[in-house]
Amino acid sequence: MASIFTRKYITRPEDTSVYFYVDHILRDPIAVHFTVYYVDGSVERMIGVPEIEATRVSTGVWYARFQIPEDAPYGDYRLDFTYTQRSIDGSDIESSVSQLFEVASMIPVTMTASQITYADSLRTLLRDNNPDAYYRFAPPVATNIISGFTEEKGYLWQDEELLVFIDIALASFESTWTASGASYDINRLSLLNHRYKAYVLYVAAAEALFAEAVRWISEEFTYDVEGHSLSIDRHSKFETMAGAFYDRAEKELEKIQGGTLFVRGVKARYGISRGAALGPRISGPGLLSYLQSSRYK
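Caption draft 1: Spotlight on the pairing of strand β10 (residues 92-103). Bridge analysis of strand β1 (residues 3-5) against β10 gives 3 bridges, and the strand direction is parallel. Paired with Ser3 across the bridge in β10 is Phe101. Two elements, strand β9 (residues 75-86) and β10, share 12 bridges in a ladder whose sense is antiparallel. Residue pairing in the sheet places Leu79 in a bridge with Gln99 of β10. Once β9 ends, the chain turns through 5 residues before running back antiparallel as β10, passing Gly90 with a positive phi of about 95 degrees.

Caption draft 2: Summary view of a nonpolar patch on the surface. A contiguous nonpolar patch, built from Phe210, Val214 and Ile217 and spanning about 270 Å² of accessible area, is present on the exposed surface. Considering the arrangement of structural elements, one finds Phe210 in helix α5 (residues 197-217).

Caption draft 3: Local environment of the sheet that holds strand β8 (residues 61-63). Pairing in this open sheet of 3 strands is antiparallel, and the strands run β2-β8-β7 from one edge to the other. At either margin of the open sheet sits one strand with a lone partner, and together these are β2 (18-19) and β7 (55-58). Two elements, β2 and β8, share 2 bridges in a ladder whose sense is antiparallel. Bridge pairing in β8 places Tyr19 opposite Val61.

Caption draft 4: Main features of the packing of helix α4 (residues 159-174) against α5. It is the contact of α4 with α5, at a shortest axis distance of 8 Å, that shows an interaxial angle of 125 degrees. The angle between the axes of α4 and α5 places the two elements in the oblique class. Where α4 crosses over α5, the handedness of that crossing is right-handed. Judged by residue contacts, Phe165, Ile166, Ile168, Ala169, Leu170, Ser172 and Phe173 of α4 engage Tyr199, Val200, Val203, Ala204, Glu207, Ala208 and Ala211 from α5. Class assignment of the residues belonging to the contact of α4 with α5 gives a composition of 12 nonpolar, 1 polar and 1 charged.

Caption draft 5: Region of the structure containing the packing of helix α2 (residues 113-125) against α4. One can describe the packing of α2 onto α4 by two numbers: an axis separation of 10 Å at closest approach and a directional angle of 95 degrees. If you check the angle between α2 and α4, you find them roughly perpendicular. In contact with Gln115, Tyr118, Ala119, Leu122 and Arg123 of α2, α4 contributes Asp159, Leu162, Leu163 and Ile166. Residue classes in the contact of α2 with α4 are distributed as 6 nonpolar, 1 polar and 2 charged.

Caption draft 6: Just the pattern of salt bridges, in detail. Under the counting rule described, the total for this entry stands at 10 salt bridges. The closest approach of N and O atoms between Asp28 and Arg56, which form a salt bridge, is 2.7 Å. Highlighted residues: Asp28 in the loop between β4 (25-26) and β5 (31-40) and Arg56 in strand β7, separated in sequence by 28 residues. Under the relative-accessibility criterion, Asp28 is labelled partly exposed at 34%. Among the charged side chains, a network of salt bridges with common partners joins Arg12, Glu14 and Asp15.

Caption draft 7: Region of the structure containing α4. With 16 residues, α4 ought to run about 22 Å at 1.5 Å a step, and its terminal C-alpha atoms sit 22 Å apart, in line with that. Within α4 the residues assigned to the buried category are Glu160, Leu162, Leu163, Phe165, Ile166, Ala169, Leu170, Ser172 and Phe173. Where the residues of α4 are buried, they touch α2 and α5.

Caption draft 8: Quick look at the environment of Pro13. Turning to its location among the elements, Pro13 is positioned in helix α1 (residues 13-16). Judged by its relative accessible area of 28%, Pro13 is partly exposed. Taking C-alpha positions, Pro13 is 7.7 Å from Trp62, a pair spaced 49 residues apart along the chain. Here Pro13 is in contact with Val57 and Tyr63, once residues within four sequence places are set aside.

Caption draft 9: Seen up close, the packing of aromatic side chains. Across all of its chains, the model carries 12 aromatic pairs by this definition. Centroid distance Phe173 to Tyr196: 4.5 Å. Interplanar angle 40 degrees. Geometry classified as tilted. Placement of the pair is Phe173 in helix α4 and Tyr196 in the loop between α4 and α5, with a sequence separation of 23 residues. Assigned by exposure class, Phe173 and Tyr196 land together as buried. A centroid spacing of 5.9 Å and a plane angle of 55 degrees characterise the contact between Phe173 and Tyr199, whose relative ring orientation is tilted. One end of the pair, Phe173, is in helix α4; the other, Tyr199, is in helix α5, and 26 residues separate them in sequence. The pair Phe173 / Tyr199 is uniform in exposure class, with both members buried. Through a chain of ring-to-ring contacts, three or more aromatic side chains come together here, namely Phe5, Tyr9, Phe34, Tyr38, Phe66, Tyr77, Phe81 and Phe101.

Calculation notes
Residues numbered from 1 in each chain as written. Predicted model: local features only at pLDDT ≥ 70, side-chain atom pairs only at ≥ 80, totals over all residues. Heavy atoms only, no water. Pairing = 2+ DSSP bridges. Helix = DSSP H or I, 4+ residues; strand = E, 2+ residues; numbered from the N terminus. Patch = residues over 30% accessible without salt bridge, like charges linked within 9 Å, V, L, I, M, F, W, Y side chains within 5 Å. Areas by Shrake-Rupley, 256 points an atom, 1.4 Å probe, with all protein chains shown as cover. Salt bridge = Lys/Arg side-chain N within 4 Å of Asp/Glu carboxyl O. Axes fitted to C-alpha atoms, helices over the stretch in contact; angles between N-to-C directions. Parallel < 35°, antiparallel > 145°, perpendicular 65-115°, else oblique. Left-handed = near helix turned anticlockwise from the far one by under 90°. Contact = heavy atoms within 4.5 Å. Nonpolar A, V, L, I, M, F, W, Y, C, P; charged D, E, K, R; others polar. Buried < 20%, exposed > 50% of the residue type's maximum accessible area, 1.4 Å probe, protein only. Expected span 1.5 Å × (residues − 1). Phe/Tyr/Trp six-rings, centres within 6.5 Å; stacked < 30°, edge-to-face > 60°.

Here is the structure:
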């Protein structure tokens, strides 16, 4: 299986090591060099400079240490090692060996069926499920290929990020009295009652939009040159939508809690706050001591 690297990643011995044997014994070649190629079908393009000297790890073990360029196209690559060994008769023999690897936007993660279902639902809710159709004014990717994603334009949120937002939403739900002390996390998503799905997705969507708002703060600017002005303000729009989803989550939780009449003898008075739904409000200084009296033991 080919290794998968991300942009700006620096390879390590465990990533690209090669082993040189002579008569089944590890022996050092006279010289070991490597060259990296980007492979797009039948077209190959060299990345960086050719014949870079490899790094020796131990006797007979060498590796290619290099950094994936920040603008490296996503896709398939080939790493060619060329080395020289001295034969028994004293002549030098040049040989080569190749390794394949892939450059991807993120290292793929293995997702369970429940995680895939929730991530797909969240992506649909965020209208991020079909970038080629929805992001009409977004520029296409230069290489026209986004590994694992779409043919023209990439998703705003990657699967790993969506799982983080869903996990935060599960933690939010776990903190409410409706969860009744049950433990929910991203690895036990299949145990979540279906009636809570909408709340979890609304909170996750709000977290995703808020994260995007934070990202856009550093991308905004305003300038005015000779009467021509331009202002880019996108973070406030994402933040506004995040608030709208938080509101929907609160209303959804109200419906869920409205279906629960009593919890352990305490009548529920339903109320929540933005971003964190609290349990039944208990008022009156003597209520708890009254419930703890001998009459209710």
